[in-house]
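# Coordinate inspection notes
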Amino acid sequence: MQQSVVRQGARERRVPWNASNTVLLFAFVASLLLAPWGYALVPLAAAGVALAGTLSVGREALAALDREDGLWLLVLLGYAGLWLWDVSRTGVWPVGEGYRGVLLPLWPLLAAGLLVWLRLKPPSRMGWWLGLVVAGIGVGLIALYERFVLGAYRADNGMNAIPFGNLSLLVGFLALAAMLGRLSRPPPRSSPWLTLALGLAAVAGLAASLLSGTRGGWVAVPLLAWLGYRAFRVVFPRRQIRIVAGLSVLLLAGLVAMTAITGYGVSDRVAKAVDDVEDYFLEGDTGSSVGLRLEMWQAGAWLFIEKPLLGWGEGRLEAARDDLVAQGRLNPGVSEYDQLHSDIIDTAARRGLVGVATLLALYGVPAWLFAGYLRRCRDAQGRTLALSGLMISVAFVDFGVTQSMLRDVRGLSGYLGLSVACWVLLRARLDVLRRRSRSRTRGKEPQGT
């Protein structure tokens, strides 16, 4: 009896922390693309809650971690540590668009602290689902308004159109995965309206990405679709899989047709990109959008070859690039950018092979962990969360080929926040399943032995 009272008291102490973390998770996912400072204010608020909560529970926070959590933390600390060392050796902090990137090297440290706290007091999946609904439908409405009412060339919600389009695409796929996960085995007391809303958010998110005119992110669409097919083919009957696949193809074709007919979106810009590539190689036109990007990649390759181990360093890369411009080897237009339009190339030139190793770990370790759980987990909700985490890693690898997403405040905050959220939700789900399994096992034991 006394033990039961103690356990009940412990549950009551846990509820407020878990509930507050659920609200914060919802706020982060929902505001990442919708609110001007949502990417920063919500994580900082979560850090305040985490600090207060950790002080109240003491060493219990570290006791909740295992080796896989430790690997996550090692990657985050290594990535942040190398970036901070780079800042210290050069005396220059990253600038970012609108000078909002000055504290970028600290974001992985914040993510590490939140991972520890959220593993101890995990949020509910409801915060994740509702956040995706608001984010997906919100960006869709904003994109439609900006393009068809205001007549903007590219929808962007007041930010760089590339991160807006890439993250909208990712939100669309995450909402689609959540919807299929709920359909495969609806949770207890399931709400049909939420499943429908997730489907609508998926459509709206993809539409927003198309209307943003972002091209590079759509290279990931076939791979993300294939991951979804592999994940759900063991859950849904083959006939339902074919129906879902057919509807998805029709939906995508309809969205592309909408942008093509109206003269807006990705289709127009893809055709222009092809022309720019031809002009660059055949006529030497380096001033187009694609031409400048190819110039920056070439600069990154030259600079990496000169200093392959540790690179040029934060701030020094831009100076070395501008020297190439002064020598007439690059188009002067590249000096207008504070990065090389590729996470991989920019990191290689700025921090060398050591920096590339930390970047690959930041991509690869989460992807490896999520892929492992996707293979092993038989629970529908667990598989959906593992799939979502893997989609985030794969999508950002693709985004990082043609854009420095991790040097953008929303890009880095989005990657770290969404990945950590999927991880803590997945591990919380598996912990619940293990407790249920142990409870059933104890219930089958002979009494009085």
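Cut-offs used in this document
Residues numbered from 1 in each chain as written. Predicted model: local features only at pLDDT ≥ 70, side-chain atom pairs only at ≥ 80, totals over all residues. Heavy atoms only, no water. Helix = DSSP H or I, 4+ residues; strand = E, 2+ residues; numbered from the N terminus. Buried < 20%, exposed > 50% of the residue type's maximum accessible area, 1.4 Å probe, protein only. Contact = heavy atoms within 4.5 Å. Areas by Shrake-Rupley, 256 points an atom, 1.4 Å probe, with all protein chains shown as cover. Phe/Tyr/Trp six-rings, centres within 6.5 Å; stacked < 30°, edge-to-face > 60°. Lys NZ or Arg CZ within 6 Å of the ring centre and 35° of its normal. Salt bridge = Lys/Arg side-chain N within 4 Å of Asp/Glu carboxyl O. Core = buried A, V, L, I, M, F, W, Y, C linked by side-chain atoms within 4.5 Å. 1 Å grid on protein atoms, 1.4 Å probe; cavity = no way out; pocket = protein on both sides within 12 Å on 5 of 7 lines; lining within 4 Å. Points joined across faces, edges and corners; volume = space filled by probe spheres on them. Polar contact = N/O pair within 3.5 Å; in protein donor to acceptor, adjacent residues only side chain to side chain.

## Topic: the overall build of the protein chain
Tallying secondary structure elements over the protein chain gives 16 helices and 0 strands in all. Here the protein chain, with 449 residues, has 52% of them falling under the buried criterion. Long-range pairs, those at least 24 residues apart, make up 78% of the contacts in the protein chain between residues at least 6 apart in sequence. Looking at the protein chain as shown, the accessible area adds up to about 20600 Å², and 65% of this sits on carbon and sulfur atoms.

## Considerations on the packing of aromatic side chains
Scanning all chains against the criterion turns up 10 aromatic pairs. Ring geometry for Tyr 363 against Tyr 415: centres 6.2 Å apart, planes inclined by 80 degrees, an arrangement best described as edge-to-face. With Tyr 363 in helix α14 (residues 343-376) and Tyr 415 in helix α16 (residues 409-443), the pair connects residues that are 52 residues apart, well separated along the chain. This pair shows no difference in class: Tyr 363 is buried, exactly as Tyr 415 is. These aromatic residues form a ring-pair network of at least three members: Trp 72, Phe 370, Tyr 373 and Trp 423. Above the ring of Trp 129, the side-chain terminus of Arg 182 is found at 4.6 Å from the ring centroid. Positioned above the aromatic ring of Trp 312, the side-chain terminus of Lys 307 is 4.2 Å from the ring centre.

## Here's the deal with the pattern of salt bridges
Scanning all chains against the criterion turns up 16 salt bridges. Residues Glu 68 and Arg 427 are paired through a salt bridge, measuring 3.3 Å at the closest nitrogen-oxygen approach. Within this pair, whereas Glu 68 is found in helix α4 (residues 67-90), its partner Arg 427 is found in helix α16, the two being separated by 359 residues in sequence. Looking at Glu 68, the relative accessible area reads 22%, which means it is partly exposed. For the salt bridge of Glu 314 with Arg 351, the shortest nitrogen-to-oxygen distance reads 3.5 Å. Of this pair, Glu 314 sits in the loop between α12 (289-306) and α13 (316-326) while Arg 351 sits in helix α14, and the two are 37 residues apart along the sequence. For Arg 351, a relative accessible area of 5% translates into the label buried. Linked through salt bridges whose partners overlap, the residues forming this network are Asp 86, Arg 89, Glu 314, Glu 318, Asp 346, Arg 350, Arg 351 and Arg 407.

## Focus on the nonpolar core
One finds Trp 128, Leu 132, Leu 198, Phe 396, Leu 406 and Leu 418 to be the most contacted residues of the largest nonpolar core, which totals 104 residues. Of the residues forming this core, the biggest block, 13 residues, is contributed by α16. In this structure Leu 418 touches Phe 28, Val 29, Leu 32, Trp 128, Leu 170, Leu 174, Ile 392 and Ser 413, once residues within four positions along its chain are discounted. The next biggest cluster of nonpolar side chains, apart from the first, holds 13 residues, and it includes Leu 292, Trp 312, Leu 317 and Leu 330.

## Observations concerning empty space enclosed by the protein
Scanning the entire structure with this criterion turns up 7 cavities of 30 Å³ or more. The space that makes up the largest cavity amounts to roughly 300 Å³. As for the largest cavity, its lining consists of 19 residues, and the residues nearest its centre are Phe 28, Ala 46, Leu 114, Leu 118 and Gly 417. Elements that contribute at least two residues to the lining of the largest cavity include exactly α1 (2-31), α2 (38-57), α5 (107-120) and α16.

## Some words on the side chain of Gln 339
Counting through the fold element by element, Gln 339 comes out in the loop between α13 and α14. A polar side-chain atom of Gln 339 sits 2.4 Å from the main-chain amide nitrogen of His 341. For Gln 339, the side chain forms a polar contact with the side chain of Ser 404, separated by 3.1 Å. In contact with Gln 339, other than residues within four places in its own chain, are Met 296, Asp 346, Arg 350, Gln 403, Ser 404 and Arg 407.

Read these as geometric descriptors, not functional statements.
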